[in-house]
Amino acid sequence: MRDPVVTVFGGSGFIGRYVVEKLAKRGWIIRVAVRRPDDALFLKMTGLLGQTAPIAANIRDQRSVEAAVAGADAVVNLVGILFESGAQRFDKVQAEGPGRIAAAAKAAGVRQMVHISAIGADSSSPAAYGRSKAAGEEAVRGAFPTATILRPSIVFGPEDSFFNRFAAMTRLSPALPLIGGGRTRFQPVYVLDVADAVLAALEQPAAAGQIYELGGPATYSFRELMELMLREINRRRLLIPIPFALASLQGALLQYLPSPPLTLDQVRLLKRDNVVSPGAKGLADLGITPTAVEVILPTYLDKYRPRGGYDRK
């Protein structure tokens, strides 16, 4: 009997590398489907020789998606963007792309699918990001009804774009902005917990067709997360409240930069809390105990302290 084959779209990203590692340890043969396979070559070292192989696929292209899922037993979709740039548009990547993957997977006889969405996926969201995530979920469920959908809050870990981003800002700026006064609430979830959730969704029959919202053991306001980060890196910075109106103006201007620090759509997204909904299925339903952010931050924010890892409190 051959080992099971899984195609992981977006497997070279922040969450993807941990998902691939977990799958390799479970004995899956892994195809890492990415636009630029050369950027995923580091994953060839994951697992046994030949167990993990990067392949070229673009979720905007039907033929490449069909080729990537052909002969697979399972498919995991991790592709997502935080802002639009060039051909990478929310509707193409987060709405149409997941549906294309789901339909191709179903036609190819794939038995299981896991789709990573996000808390905040809502057809009535004020942000195009949230609306596109909701449209992607609907397309997946329409084409592959037994797919499992995972909605994480902000994901933290060594390569995250949240704590790393703001910690890096403290090296150059005497102040950090608190959009909307820093009152937006988050429930940060550890990247390894998300990877475990993907594995559990593939291994637990009861997860088929379910939606899980993934959050850590505690909720925090944006201000509280900035204060937590500053304590960890042993730096003092002013925390300046920025009204949504002013942040919207800034986002409208900054969004045209190649890698914008803020967009208008992100400001709109911050007008809603990003926490697990009351009564929603979550990590506990998958048999996973969530990891506290306070436990993990010290393992990777050392480099932002004034004297690096030697600057212990």
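The rules behind each value
- Residues numbered from 1 in each chain as written.
- Predicted model: local features only at pLDDT ≥ 70, side-chain atom pairs only at ≥ 80, totals over all residues.
- Heavy atoms only, no water.
- Buried < 20%, exposed > 50% of the residue type's maximum accessible area, 1.4 Å probe, protein only.
- Helix = DSSP H or I, 4+ residues; strand = E, 2+ residues; numbered from the N terminus.
- Contact = heavy atoms within 4.5 Å.
- Core = buried A, V, L, I, M, F, W, Y, C linked by side-chain atoms within 4.5 Å.
- Polar contact = N/O pair within 3.5 Å; in protein donor to acceptor, adjacent residues only side chain to side chain.
- Axes fitted to C-alpha atoms, helices over the stretch in contact; angles between N-to-C directions.
- Parallel < 35°, antiparallel > 145°, perpendicular 65-115°, else oblique.
- Nonpolar A, V, L, I, M, F, W, Y, C, P; charged D, E, K, R; others polar.
- UniProt positions renumbered as here; feature names shortened; annotations may be inferred.
- Phe/Tyr/Trp six-rings, centres within 6.5 Å; stacked < 30°, edge-to-face > 60°.
- Salt bridge = Lys/Arg side-chain N within 4 Å of Asp/Glu carboxyl O.
- Patch = residues over 30% accessible without salt bridge, like charges linked within 9 Å, V, L, I, M, F, W, Y side chains within 5 Å.
- Areas by Shrake-Rupley, 256 points an atom, 1.4 Å probe, with all protein chains shown as cover.

Going by the annotation in an unreviewed UniProt entry, the name recorded for the protein is Complex I NDUFA9 subunit family protein, with Dongia soli given as the source organism.

Trainee: An account of helix α1 (residues 14-25) is requested, with residue identities and associated values reported.
Mentor: Turning to α1, its buried residues number three or more, namely Phe14, Ile15, Gly16, Tyr18, Val19, Val20, Leu23 and Ala24. Its buried side turned inward, α1 meets β1 (5-9), β2 (29-34), β3 (52-56), β7 (155-156) and α6 (191-203). Downstream of α1 by a residue or two, Gly27 has a phi angle that is positive, lying close to 95°.

Trainee: Any details on the nonpolar core? Residues and values, ideally.
Mentor: By size, the foremost hydrophobic cluster in this structure holds 68 residues, and its most contacted members are Leu23, Ile30, Leu150, Phe163, Met226, Met229 and Leu301. With 9 residues, the single largest contributor to this core is α6. Leave out the neighbours within four places in its chain, and Leu23 touches Val6, Val8, Trp28, Ile30, Gln51, Leu199 and Leu202. Formed by 25 residues, the second largest nonpolar core is a distinct cluster that contains Ala68, Tyr129, Val140 and Ala147.

Trainee: Can you lay out the environment of Thr299 for me, pointing to particular residues and giving the numbers?
Mentor: For Thr299, the location among the structural elements is in the segment after α10 (293-296). Its relative accessible area of 57% is what places Thr299 among the exposed residues. Along the backbone, Thr299 and Ser248 are 51 residues apart, and their C-alpha atoms lie at a distance of 34 Å. A polar contact is formed between the side chain of Thr299 and the backbone oxygen of Ile296, at a distance of 2.5 Å.

Trainee: Tell me what's going on with the packing of helix α3 (residues 90-107) against helix α4 (residues 128-143), and back it up with residues and numbers.
Mentor: As a packed pair, α3 and α4 sit with axes 8 Å apart at the nearest point and diverge in direction by 10°. One finds that α3 runs roughly parallel with respect to α4. Of the residues in α4, those touching α3 at Phe90, Gln94, Ala95, Pro98, Gly99, Ala102, Ala103 and Lys106 are Ala128, Tyr129, Ser132, Lys133, Ala135, Gly136, Ala139, Val140 and Ala143. Its residues placed into classes, the contact of α3 with α4 shows 11 nonpolar, 4 polar and 2 charged.

Trainee: I'd like to hear about the UniProt feature "domain: NAD-dependent epimerase/dehydratase" (unreviewed entry) in the protein, residue by residue, with values.
Mentor: The sites that UniProt annotates as "domain: NAD-dependent epimerase/dehydratase" (unreviewed entry) are residues 6-215. Each end of residues 6-215 is marked by a C-alpha atom, and these two atoms are 25 Å apart; helix forms 35% of the span and strand 21%.

Trainee: For the packing of aromatic side chains, give the residues involved together with the corresponding values.
Mentor: Remark: the centre distance and the inter-plane angle together describe each pair of aromatic rings, the angle taken between the planes. Counted according to the given criterion, the structure contains 10 aromatic pairs. Ring geometry for Phe162 and Phe222: centres 6.0 Å apart, planes at 85°, overall edge-to-face. Taken together, the residues span a long stretch of sequence, with Phe162 in the loop between β7 and α5 (163-169) and Phe222 in helix α7 (residues 222-233) at a distance of 60 residues. Neither Phe162 nor Phe222 differs from the other in exposure class; each is buried.

Trainee: Please provide a residue-by-residue account of the environment of Leu178, values included.
Mentor: Residue placement: Leu178 occurs in strand β8 (residues 175-179). As for Leu178 and Ser259, which are separated by 81 residues in sequence, their C-alpha atoms are 20 Å apart. Beyond its immediate sequence surroundings of up to four residues, Leu178 is in contact with Phe222, Arg223, Met226, Leu239, Ile240, Pro241 and Ile242.

Trainee: Before we move on, can you summarise the pattern of salt bridges with the specific residues and values?
Mentor: Scanning the model with the defined rule gives 14 salt bridges in all. As a salt-bridge pair, Glu232 and Arg305 come within 2.3 Å of each other at their nearest N and O atoms. In this pair, Glu232 sits in helix α7 while Arg305 sits in the segment after α10, placing the two residues 73 residues apart along the sequence. Residue classification places Glu232 among the buried residues on the basis of a relative accessible area of 13%.

Trainee: Can you break down a nonpolar patch on the surface residue by residue, with the values?
Mentor: Taken together, the side chains of Leu246, Leu249 and Leu253 make up a nonpolar region of the molecular surface, amounting to roughly 300 Å² of accessible area. Assignment of secondary structure puts Leu249 in helix α8 (residues 244-254).

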